Amino acid sequence: GENVEQHPSTLSVQEGDSAVIKCTYSDSASNYFPWYKQELGKRPQLIIDIRSNVGEKKDQRIAVTLNKTAKHFSLHITETQPEDSAVYFCAARRVTGGGNKLTFGTGTQLKVEL
Amino acid sequence: DVKVTQSSRYLVKRTGEKVFLECVQDMDHENMFWYRQDPGLGLRLIYFSYDVKMKEKGDIPEGYSVSREKKERFSLILESASTNQTSMYLCASSLTGGQYFGAGTRLSVL
């Protein structure tokens, strides 16, 4: 099955700096890669996603890049703010006989310090 | 807005009890999922369903079963709860893209 590895497990940056979180996946047939943000005590929320026919996608201060050959994708957050502090999860969708099944990375705890 | 509702935020059960966790979504999504979330392990898929009465095992189905009798409702069942099933349980639903999560049920098995 699919295996998703995520690094680093914790990341501390100064406010205004950039943050990068990296994920690798094992199944070359995976074709959809969402990123989720989970604030303390809250549910995971989809913040950005990318499909395998696209190399990069941006939404204001966040961007995701995908390298299909190397089977890795990354989340980039620019001009970080304290409200960006959260746990971030990457995921990859396996192609299966039915459904829309995601395999998640183990998460990155991002702390933005003032 | 997609709404995924889990019936309980906190639940305390005894070892050996049968436990039902309920999840309801209001967006007519085909796919529904149950995950458990543990520190350092991320979100692990227990079971999912892509249609009424259809179910597939996820990565950690042992000790769990599910029921999907109606499209909007997906239930997770712990036949005989054990202490190692103490965890946060998250339900999610989706069409073809990203999944939308419920608020979670924190289950403690004593």
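Below, the structure is looked at part by part. Quick caveat: nothing in here was measured; it's all calculated off a predicted structure. (Residues numbered from 1 in each chain as written. Chains lettered and ligands numbered in written order. Predicted model: local features only at pLDDT ≥ 70, side-chain atom pairs only at ≥ 80, totals over all residues. Heavy atoms only, no water.)

### A look at the sheet that holds strand β6 (residues 56-59) of chain A
All names here are of chain A.
1) Next: Strand order in the open sheet formed by five strands is β1-β3-β8-β7-β6, and the pairing between neighbours is antiparallel. Every other strand in the sheet has two partners, leaving β1 (4-7) and β6 as the edge strands with one partner each. Going across the sheet, the axis of each strand differs from the next one's by a mean of 15°, ignoring polarity.
2) Next: Relative to strand β8 (residues 72-77), strand β3 (residues 19-25) is paired through six bridges, and the arrangement is antiparallel. (Pairing = 2+ DSSP bridges. Helix = DSSP H or I, 4+ residues; strand = E, 2+ residues; numbered from the N terminus. Axes fitted to C-alpha atoms, helices over the stretch in contact; angles between N-to-C directions.)

### Focus: the state of the cysteines
Residues and elements named next belong to chain B.
1) Next: The tally for this structure, following the rule as stated, stands at two disulfides over all chains.
2) Next: Two residues, C23 and C91, share a disulfide whose sulfurs are 1.8 Å apart. Looking along the S-S bond of the C23-C91 disulfide, the torsion reads about -75°, which is the left-handed sense. Pair noted here: C23 is in strand β3 (residues 19-25) and C91 is in strand β9 (residues 87-94), with a separation of 68 residues, a long-range link. (Disulfide = S-S within 2.5 Å.)

### A few points about unusual backbone geometry
With the exception of glycine, the majority of residues adopt a negative phi angle, and the majority of peptide bonds are in the trans configuration.
Residue and element names in this part refer to chain A.
1) Next: Here the bond from H7 into P8 is cis, since omega is -5°, no more than 30 degrees from zero.
2) Next: With respect to the helices and strands, P8 occurs in the loop between β1 and β2 (10-14).
3) Next: For Q60, which is not glycine, the phi torsion reads 60° and is therefore positive.
4) Next: Look at Q60 and you get exposed, because its relative accessible area is 79%.
5) Next: A positive phi angle, close to 55°, is found at K71, a residue other than glycine.
6) Next: Of note, K71 is situated in the loop between β7 (62-67) and β8.
7) Next: Of the residues examined, K71 reaches a relative accessible area of 25% and is grouped as partly exposed. (Buried < 20%, exposed > 50% of the residue type's maximum accessible area, 1.4 Å probe, protein only.)

### Comments concerning the pattern of salt bridges
1) Next: Tallying each qualifying case throughout the model produces nine salt bridges over all chains.
2) Next: The partner of D49(A) in a salt bridge is K57(A), and the shortest N-O contact between them spans 2.8 Å.
3) Next: For D49(A), a relative accessible area of 16% puts it in the buried group.
4) Next: Here K57(A) falls in the partly exposed class, since its relative accessible area comes to 36%.
5) Next: Taking the shortest distance from any N to any O, the salt bridge between E22(B) and R73(B) comes out at 4.0 Å. Within this pair, whereas E22(B) is found in strand β3, its partner R73(B) is found in strand β8 (residues 73-78), the two being separated by 51 residues in sequence.
6) Next: The class of E22(B) is partly exposed, set by a relative accessible area of 23%.
7) Next: On the accessibility criterion, R73(B) (38% relative accessible area) is partly exposed.
8) Next: The network of salt bridges with shared partners includes D28(B), E30(B) and K71(B). (Salt bridge = Lys/Arg side-chain N within 4 Å of Asp/Glu carboxyl O.)

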